[in-house]
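Fold and contact review
Each chain, letter by letter, is given below.
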Amino acid sequence: MSELSLADVDALAADAHAGQTDKIGVPYVEHVRAVAAGLAPFGTGLQMAGLLHDVLEDTPLTAEDLLRAGVPSAVVATVRRVTKVPGTAYPAMLEQITADHSATLLKISDNAHNSLPDRAARLDEADRRRLAERYRAARRVLWPAVGAADVCTVVGLVNPGLLDELG
């Protein structure tokens, strides 16, 4: 099978996440599309990984399914790197992600989108505070792992309000 185009991967992600909503009730595909948009300056492969970054966790699809569908192996490898592994604590997962530049950029985009004030405002106060601290702590690990210019590129596209944290 030939490799898929970005539009094909978008359709695959939309189909995989059909009927799913995020924590604030928005169709889940909107989140993965926003994450992918923040990765556009880094190429089609990373955009594809952004579109697919939650499929292995949140849908029945497997890495093998993605490969059989024609998703490039490098894209699948990046998706696997950002996929939660049962029994791995979140801080340990972040450390593993930072060993790979593409996975780190993807996670920065994901974090930036999840940290948007208008999204957070729709959560209850306890969740808002808990997630804000979790995302801030993650940025302290993720951002130093890539150059400041790359952080500015991704965050500037997804959530420019976070740029103040860069210093």
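Scroll up to find the structure.
Notes on the structure follow. (Residues numbered from 1 in each chain as written. Predicted model: local features only at pLDDT ≥ 70, side-chain atom pairs only at ≥ 80, totals over all residues. Heavy atoms only, no water.)

1. Thoughts on the overall build of the chain
The helix and strand inventory of the chain stands at eleven helices and zero strands. Put simply, the chain runs from its N terminus to its C terminus through helices and strands in the order α-α-α-α-α-α-α-α-α-α-α. The C-alpha atoms of the chain give a radius of gyration of 15 Å, which matches the 15 Å a tight globule of 167 residues would have. Once the C-alpha set of the chain is aligned to its principal axes, its extents read approximately 45 × 35 × 30 Å. Residues counted as buried form 46% of the 167 residues belonging to the chain. In the structure as shown, the chain presents an accessible area of about 8,100 Å², 54% of it carried by carbon and sulfur atoms. Taken together, the 16 basic and 22 acidic charged side chains of the chain have centroids lying 5 Å from each other. (Helix = DSSP H or I, 4+ residues; strand = E, 2+ residues; numbered from the N terminus. Rg over C-alpha atoms; globule rule 2.2 N^0.38 Å. Buried < 20%, exposed > 50% of the residue type's maximum accessible area, 1.4 Å probe, protein only. Areas by Shrake-Rupley, 256 points an atom, 1.4 Å probe, with all protein chains shown as cover. Lys, Arg positive; Asp, Glu negative; His and termini not counted. Charge placed at Lys NZ, Arg CZ, Asp CG, Glu CD.)

2. Some words on the environment of alanine 149
Tracing the backbone shows alanine 149 in helix H11 (residues 148-158). Owing to a relative accessible area of 57%, alanine 149 belongs among the exposed residues under this scheme.

3. Brief notes about the packing of aromatic side chains
Scanning all chains against the criterion turns up zero aromatic pairs. Above the face of the tyrosine 90 ring, arginine 134 is positioned so that its terminal group lies 3.6 Å from the ring centre. (Phe/Tyr/Trp six-rings, centres within 6.5 Å; stacked < 30°, edge-to-face > 60°. Lys NZ or Arg CZ within 6 Å of the ring centre and 35° of its normal.)

4. Some thoughts on the packing of helix H8 (residues 101-114) against H11
Packing of H8 against H11 brings their axes to within 9 Å, and their N-to-C directions diverge by 35°. For the pair H8 and H11, the sense of crossing is right-handed. Contacts from His101, Leu105, Ile108, Ser109, Ala112 and His113 of H8 reach H11 at Asp150, Val151, Val154, Val155 and Val158. Considered class by class, the residues forming the contact of H8 with H11 number seven nonpolar, three polar and one charged. (Axes fitted to C-alpha atoms, helices over the stretch in contact; angles between N-to-C directions. Left-handed = near helix turned anticlockwise from the far one by under 90°. Contact = heavy atoms within 4.5 Å. Nonpolar A, V, L, I, M, F, W, Y, C, P; charged D, E, K, R; others polar.)

5. Digging into the packing of helix H2 (residues 28-37) against helix H3 (residues 44-52)
Two numbers describe a pair of packed helices, the interaxial angle and the distance between the axes. Relative orientation of the contacting elements H2 and H3 amounts to 160°, with a least axis distance of 7 Å. Considering their axes alone, H2 and H3 lie roughly antiparallel with respect to each other. In the packing of H2 onto H3, the handedness of the crossing is right-handed. Packed against H2, whose contacting residues are Val32, Arg33, Val35 and Ala36, the element H3 presents Gln47, Gly50 and Leu51 at the interface. Residue composition of the contact of H2 with H3, grouped by class: four nonpolar, two polar and one charged. (Parallel < 35°, antiparallel > 145°, perpendicular 65-115°, else oblique.)

6. What to know about the nonpolar core
In a soluble, globular protein the nonpolar side chains are often hidden away together inside. In this structure, Leu52, Val71 and Ile108 are the most contacted members of the largest nonpolar core, which totals 43 residues. Residue contacts for isoleucine 108: discarding those within four places in its chain leaves Leu142, Trp143, Val146, Val151, Val154 and Val155. If you look at the next biggest cluster of nonpolar residues, it comprises five residues, including Ile24, Val26, Leu123 and Leu131. (Core = buried A, V, L, I, M, F, W, Y, C linked by side-chain atoms within 4.5 Å.)

7. Quick notes on the side chain of asparagine 159
With respect to the helices, strands and loops of the structure, asparagine 159 is situated in the segment after H11. Note on asparagine 159: relative accessible area 4%, which makes it buried. Look past the residues within four positions of asparagine 159 in its chain and what remains in contact with it is Ala112, Ser115, Leu116 and Pro117.

8. Topic: the pattern of salt bridges
Counting across every chain of the model gives twelve salt bridges. Arginine 33 is paired through a salt bridge with aspartate 10; the nearest N and O atoms lie 2.8 Å apart. Highlighted residues: arginine 33 in helix H2 and aspartate 10 in helix H1 (residues 6-16), separated in sequence by 23 residues. By relative accessible area, arginine 33 is classed as partly exposed at 37%. The salt bridge partner of arginine 119 is aspartate 22, with a shortest N-O separation of 2.8 Å. (Salt bridge = Lys/Arg side-chain N within 4 Å of Asp/Glu carboxyl O.)

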